[in-house]
Amino acid sequence: MAYRKLGRDNKHRKSMLASLTKQLILKERITTTETRAKEVRKSFDKMISYGKKNTLLSRRQALAFLHNDEECVNKVFNDLAPRYAERSGGYTRIIKTTERKGDNALMVILELV
């Protein structure tokens, strides 16, 4: 599976993606760069897939990815997965906003559909 390195080593990248995924789950709308948003979308789709399976294994896999954050996992399994039960994908929307002042990185809003 191809992925973007985002200028970080493996541990930092995984931690950053888990953190952004947690924030998206809790707030349902985050502002970040376009490349980060595209990577977070993949991990968020995986979390919803785990929630739809609703097995002990899928709950443990979600906990492992989200650094044992019970609040996020419970929200995925109890609120978000039933909301997207009929939907087969495309749980997020990327809205382009402005360019960041320092490095002209394209900023976007990543929100749940």
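Being a predicted model, the structure only gives us computed values, none of them experimental.

Trainee: Which parts of the structure should I look at to understand the overall build of the protein chain?
Mentor: For the protein chain, the helix and strand inventory stands at four helices and three strands. The N-to-C order of helical and strand elements in the protein chain reads α-β-α-α-α-β-β. Here the C-alpha radius of gyration of the protein chain, 14 Å, is about what a compact globule of 113 residues would show, namely 13 Å. Expressed as lengths along the three principal axes of its C-alpha atoms, the size of the protein chain is roughly 45 × 30 × 25 Å. A total of 113 residues make up the protein chain; the buried ones form 40% of that total. Within the protein chain, counting contacts between residues at least 6 apart in sequence, those at least 24 apart form 55% of the total. The positive charge centre, built from 25 side chains, and the negative charge centre, built from 13, are 4 Å apart in the protein chain.

Trainee: What is the right way to look at helix α4 (residues 70–83) in this model?
Mentor: Quick reminder: α-helices carry 3.6 residues per turn. Residues three or four places apart thus point the same way. Counted at 1.5 Å a residue, the expected span for α4 with its 14 residues is 20 Å, and the 19 Å between its end C-alpha atoms agrees. The sharpest bend along α4 measures roughly 35 degrees and falls at Val76. On its buried side, α4 packs onto α1 (10–27), α2 (34–53), α3 (56–65) and β3 (106–112). The opening residue of α4, the one whose side-chain oxygen lies 3.3 Å from the backbone nitrogen of Glu71, is Asp69.

Trainee: Can you walk me through the nonpolar core in this structure?
Mentor: Ranked by internal contacts, the top residues of the largest apolar core, which has 26 residues, are Leu24, Ile25, Phe44 and Leu80. Mapped onto this core, the elements with two or more residues apiece are α1, α2, α3, α4 and β3. Take this core: its biggest share by element is six residues, from α2. In this structure Phe44 touches Thr21, Leu24, Ile25, Leu80, Tyr91, Thr92 and Leu112, once residues within four positions along its chain are discounted.

Trainee: Any chance you could explain unusual backbone geometry here in plain terms?
Mentor: As a rule of thumb, non-glycine residues mostly have phi less than zero, and peptide bonds are mostly trans rather than cis. Phi is positive for Glu28, close to 65 degrees, though the residue is something other than glycine. Among the structural elements, Glu28 can be located in the loop between α1 and β1 (29–33). Phi at Asn68 is positive, roughly 55 degrees, even though this residue is not glycine. Its place among the elements puts Asn68 in the loop between α3 and α4.

Trainee: Any chance you could explain the pattern of salt bridges here in plain terms?
Mentor: By the definition in use, this model includes nine salt bridges. When the shortest N-O distance is used, the salt bridge between Glu28 and Lys75 registers 3.2 Å. Here the residue Glu28 occupies a position in the loop between α1 and β1, and Lys75 occupies one in helix α4, the gap between them amounting to 47 residues. Classification of Glu28 by relative accessible area gives partly exposed; the value is 24%.

Trainee: Just to check I follow, could you spell out the packing of aromatic side chains for this structure?
Mentor: Aromatic rings in a pair are described by how distant their centres are and how their planes are angled relative to each other. Applying the stated criterion to the full structure yields one aromatic pair. For the ring pair Tyr84 and Tyr91, a centre distance of 5.1 Å and an interplane angle of 50 degrees mean the geometry is tilted.

What counts and what doesn't
Numbering of residues starts from 1 in each chain and follows the order in which that chain's sequence is written. Totals for whole chains, interfaces and linings use every residue, but because this is a predicted model, local features are given only for residues with pLDDT of at least 70 and side-chain atom pairs only at 80 or more, for both listing and counting. As a convention, hydrogens and water are excluded, and side-chain values are obtained from all of the structure's heavy atoms. What counts as a helix is a DSSP run of H or I of at least four residues, what counts as a strand is a run of E of at least two, and both are numbered from the N terminus. Throughout, the radius of gyration refers to the C-alpha atoms, and the reference size of a globule is 2.2 Å times the residue count to the power 0.38. Exposure is judged per residue with a 1.4 Å probe applied to protein chains only, and the accessible area is read against the type maximum: over 50% gives exposed, under 20% gives buried, and values in between give partly exposed. Any two residues whose heavy atoms approach within 4.5 Å are treated as being in contact. Charge counting treats Lys and Arg as positive and Asp and Glu as negative, with His and both chain ends excluded. The atoms used to mark charge sites are NZ of Lys, CZ of Arg, CG of Asp and CD of Glu. Expected helix span is given by 1.5 Å per residue-to-residue step, counting one fewer step than there are residues. Throughout, bend refers to the angle between the axes fitted to the seven residues that end at a position and the seven residues that start at it. We call two N or O atoms a polar contact when they sit within 3.5 Å, provided that within protein one can donate a hydrogen and the other can accept it, with sequence-adjacent residues counted only if both atoms are side-chain atoms. Working definition of a nonpolar core: buried Ala, Val, Leu, Ile, Met, Phe, Trp, Tyr and Cys residues. They are joined through side-chain atoms within 4.5 Å. Here, a salt bridge means any side-chain nitrogen of Lys or Arg that lies within 4 Å of a carboxyl oxygen of Asp or Glu. Pairing of aromatic side chains here covers Phe, Tyr and the six-membered ring of Trp, requires ring centres within 6.5 Å, and sorts the geometry by plane angle: under 30 degrees stacked, over 60 edge-to-face, intermediate tilted.

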